[in-house]
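# Summary of structural features
Single-letter residue listing:
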Amino acid sequence: MKYAGIVLRNTKNNLSSVDYAPVFDALLAGGVFVDEIVLLAYDVPSKVSAALLRLSTECDGVFVVCAPVLLSSARDAVSVAAEEKFTEECLLETEDCLFAVLPEGERGAKAAETEVIPRIDRRRHRSYARVVICTCTAPHEMVRSAVKKATEAGGGKLILHASEEYGCGRIEVIYDQDTPKMTADEVVRILATDLADYIYAMEDVTLAERLVEALRLHKMHVSTAESFTAGGVGRAIVQVPGASDVFFEGINAYANRAKHIRLGVNEYTLKHKGAVSDETAFEMAAGLLRGGNCELAIATTGLAGPRADGTNKPVGLCFLAAGTNERVRVFRFQLTGDRETITRTAINYALFLAYKQIA
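Residues numbered from 1 in each chain as written. Predicted model: local features only at pLDDT ≥ 70, side-chain atom pairs only at ≥ 80, totals over all residues. Heavy atoms only, no water.

### Description of the pattern of salt bridges
Pairs can form between side chains of opposite charge whenever their charged atoms are close. Applicable threshold: By salt bridge we mean one thing: a side-chain nitrogen of Lys or Arg within 4 Å of a carboxyl oxygen of Asp or Glu. Think of it this way: any DSSP run of H or I at least four residues long counts as a helix, any run of E at least two long counts as a strand, and we number them from the N terminus. When accessible area is computed with a 1.4 Å probe and restricted to protein chains, residues below 20% of their type maximum are described as buried, those above 50% as exposed, and intermediate ones as partly exposed.
One pass over the full model with this rule turns up 18 salt bridges. For the salt bridge of Arg-119 with Glu-93, the shortest nitrogen-to-oxygen distance reads 2.9 Å. Remark: Glu-93 occurs in strand 4 (residues 91-93) and Arg-119 occurs in helix 4 (residues 105-124); sequence separation between them is 26 residues. The salt bridge involving Glu-172 is made with Arg-170; its shortest N-O contact spans 3.4 Å. Assessed through its relative accessible area of 1%, Glu-172 is described here as buried. If you follow the salt bridges from partner to partner, you end up with Glu-88, Glu-93, Arg-119 and Arg-123 in one network.

### A look at helix 12 (residues 339-358)
Put simply, the rule reads: By definition here, a helix of n residues has an expected span of 1.5 Å times n minus one.
Spanning 20 residues, helix 12 covers 30 Å between terminal C-alpha atoms, matching the ideal 28 Å at 1.5 Å per step. Within helix 12, 14 of the 20 residues are buried, leaving the element largely enclosed by the surrounding structure.

### Thoughts on the nonpolar core
We apply this condition: Each nonpolar core is a collection of buried residues, namely Ala, Val, Leu, Ile, Met, Phe, Trp, Tyr and Cys, held together in the definition by side-chain atoms within 4.5 Å. Any two residues whose heavy atoms approach within 4.5 Å are treated as being in contact.
With 43 residues, the main nonpolar core has Tyr-200, Leu-211 and Ile-237 as its most contacted residues. Looking at this core, the elements with two or more residues in it are strand 6 (128-136), strand 9 (199-201), helix 7 (207-217), helix 8 (232-238), strand 12 (296-302), strand 13 (317-323), strand 14 (328-334) and helix 12. Among the elements that make up this core, the one with the highest residue count is helix 12 (11 residues). Discounting chain neighbours no more than four positions away, the residues touching Leu-211 are Ile-237, Leu-296, Ile-298, Leu-351, Ala-354, Tyr-355 and Ile-358. One finds Ala-4, Val-48, Val-62 and Ala-81 within the second-largest nonpolar core, a separate group that totals 25 residues.

### Some details on the packing of aromatic side chains
How we decide: For this analysis, a ring pair means two rings from Phe, Tyr or Trp (six-membered ring only for Trp) whose centres lie within 6.5 Å, classed as stacked if their planes differ by under 30 degrees, edge-to-face if by over 60, and tilted for the remaining angles.
Summed over all chains, the structure comprises four aromatic pairs. Ring centres of Tyr-3 and Phe-63 lie 5.9 Å apart, and the angle between their planes is 20°; this geometry places the pair in the stacked category. Here the residue Tyr-3 occupies a position in strand 1 (residues 3-9), and Phe-63 occupies one in strand 3 (residues 61-66), the gap between them amounting to 60 residues. Side by side, Tyr-3 and Phe-63 carry an identical accessibility label, which is buried.

### Examining helix 3 (residues 71-82)
In a regular helix each residue adds 1.5 Å, so 12 residues correspond to 16 Å; helix 3 covers 16 Å between its end C-alpha atoms and thus fits that length. For helix 3, the complete set of buried residues consists of Leu-71, Ala-74, Arg-75, Ala-77, Val-78, Ser-79, Ala-81 and Ala-82. Contacts from the buried residues of helix 3 go to strand 1, helix 2 (45-58), strand 3, strand 4, strand 5 (98-103) and helix 4. One or two positions beyond helix 3, positive phi appears at Glu-83, with a value near 60°.

And the structure:
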């Protein structure tokens, strides 16, 4: 079966103004593989109508994704192409084609998961299962190798979809009801074995959710000291419902004086090793633990750019510390990208390294 998507965008904005990726990712997770995506300006009705007419004759399903303000106009366009009216909120089903008009972002993804996919399963008399493997800090080449090996082991009976954002990877293993369980288990085993050191979950959860879960399990509290991640580590943790049970405090210590006064970082360390150093990261974390109010400490220091700090240290260099009273480990990374990419990647890395200390 063939499926296609139409993304309606505002010509005054760039393509990224329509958050369509979550919708198509949700469809993919349900075993609905979109073969073609057409990007169209909403204010050129003739092109929208032509695309709908063409795709409805070539495909078993056509999914229109747009901003909420355009949903009514999109439904009208689909009704004209299908020569039928909508009797449901987002679905219009004909004998030959299923049309769906979905809002962008997570709202559209939810509609795809709860309304579109079940209807498609009924039409094709087939259901799909999914296993999600979440990783962090995994080298790209290692992920590619593991996915290739797993794909070969699947013998064409499964679909593997790998994605990565800000250092966090997500591998989806999708298979239908006719796939032998032994085959699906072998594919998952290969991925779990080859990427074992970088996996934080075998289900669809965030790093922060998994860290909070582990802290609750071990009855531990965490504190953060951040020097270049702008409180992002602490913010990610407290966004998890119930995080107040395990989060003690977050300190943003950008100035060297703040590192010394609030965290006890030695002035000698700051003067001779610098704020961006493994020694400073270690002492920041140790200062949190010394206060006696947390059992897990996370510290970050680095250069997010776009300019360096006047030393010979490059932009993207960072030191992330995570540990307990028994041991604090410091990890050095040389990250690439713009300021936001470096910062958000460092936040994810810090959460992952902290989780690995207590998992």
